[in-house]
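Observations on the three-dimensional arrangement
Residue-level listing of the chains:
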Amino acid sequence: MALKNTKAAYGSGAKFFHWLIALFIIGMLAMGFIMHEMDASPLKFKVYNWHKSIGFLVIWLVALRLAWRLFNAQPDMLSKKAWEVRLAKVTHFLLYAGIFLMPMSGWLMSSADTYPDPLVYGIDLPQIIEPDKGIKSLFSAIHFYTAWSLVGLISLHFAGALKHHFVEKDRTLLRMLPFTKD
Ligand code: HEM
């Protein structure tokens, strides 16, 4: 399988980023909702630390993914229905915005807080803004609403993939799976 996309098929690079980031985002959504409900304890503090540490890596993965997307051909959509193509394009754009905004808002929220954030791999989370309660609350709200928007967008995206596979019976889902050729 080629590394890069063609106008008809996804390459291994795009598939790698798609599934790796999907795993991270879905895992981090579950982790975030669960940890938010935990009672204060040393374990909760540890889980928050892992959440911040993984999330900080996700920012760089997403940046690489966006660069890969910009410098690669995009396979043509298989649907012939204009509304479906438009809906898919809007959903994909919002998904990209969401996977970027999610970890960025977490980073900004934690920076605006006064707690130190030692990451599990031995560096402190770089503080990119001055501590400020109002800004912390703003990014905390953005983190929360983006999380729920992503739950909705991922569900719509998943439903679209299943519709293509089981109703239209085209190769939309198959061509994004890891070991298929086109
Ligand atoms: C991969 C991207 C990320 C996802 C999908 C994600 C998801 C979530 C979710 C679902 C929550 C629970 C929201 C709530 O119920 O209030 C949460 C909370 C939180 N996240 Fe993230 N997060 C990500 C990245 C980050 C990053 C990079 C940081 C910081 C460096 C971070 C810091 C936090 C903190 C501190 C909370 C707790 C907020 C609170 O309890 O008020 N997150 N996250």
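Structure: above.
Residues numbered from 1 in each chain as written. Predicted model: local features only at pLDDT ≥ 70, side-chain atom pairs only at ≥ 80, totals over all residues.

Notes on the overall build of the chain
- The helix and strand inventory of the chain stands at four helices and zero strands.
- Starting at the N terminus, the α and β elements of the chain follow one another as α-α-α-α.
- With respect to the three principal axes, the spread of C-alpha positions in the chain is 50 × 30 × 25 Å.
- Taken over 182 residues, the chain has a buried fraction of 14%.
- For the chain, the share of sequence-separated contacts (at least 6 apart) that also reach a separation of at least 24 residues comes to 66%. (Helix = DSSP H or I, 4+ residues; strand = E, 2+ residues; numbered from the N terminus. Buried ≥ 20, exposed ≤ 12 C-beta atoms within 10 Å, placed from the backbone. Contact = placed C-beta atoms within 7 Å.)

Notes on the site of the ligand
- In the region of the ligand, 24 residues are neighbours, and Met28, Gly32, Gly55, Gly106 and Ala147 sit closest.
- Among the elements of the structure, helix 1 (12-37), helix 2 (42-70), helix 3 (82-112) and helix 4 (133-168) are those that each provide at least two residues to the shell around the ligand.
- Counting residues per element, the shell around the ligand draws most heavily on helix 1, which supplies seven residues.
- Tallied by class, residues from the shell around the ligand come to 15 nonpolar, eight polar and one charged. (Near = placed C-beta within 6 Å. Nonpolar A, V, L, I, M, F, W, Y, C, P; charged D, E, K, R; others polar.)

Considering the packing of helix 3 against helix 4
- Viewed as axis vectors pointing N to C, helix 3 and helix 4 meet at an angle of 150°, and their least axial separation amounts to 8 Å. The orientation of helix 3 relative to helix 4 falls into the category roughly antiparallel. The interaxial crossing formed by helix 3 with helix 4 has left-handed handedness.
- When the residues that make up the contact of helix 3 with helix 4 are grouped by side-chain class, the tally is 15 nonpolar, 10 polar and one charged. (Axes fitted to C-alpha atoms, helices over the stretch in contact; angles between N-to-C directions. Parallel < 35°, antiparallel > 145°, perpendicular 65-115°, else oblique. Left-handed = near helix turned anticlockwise from the far one by under 90°.)

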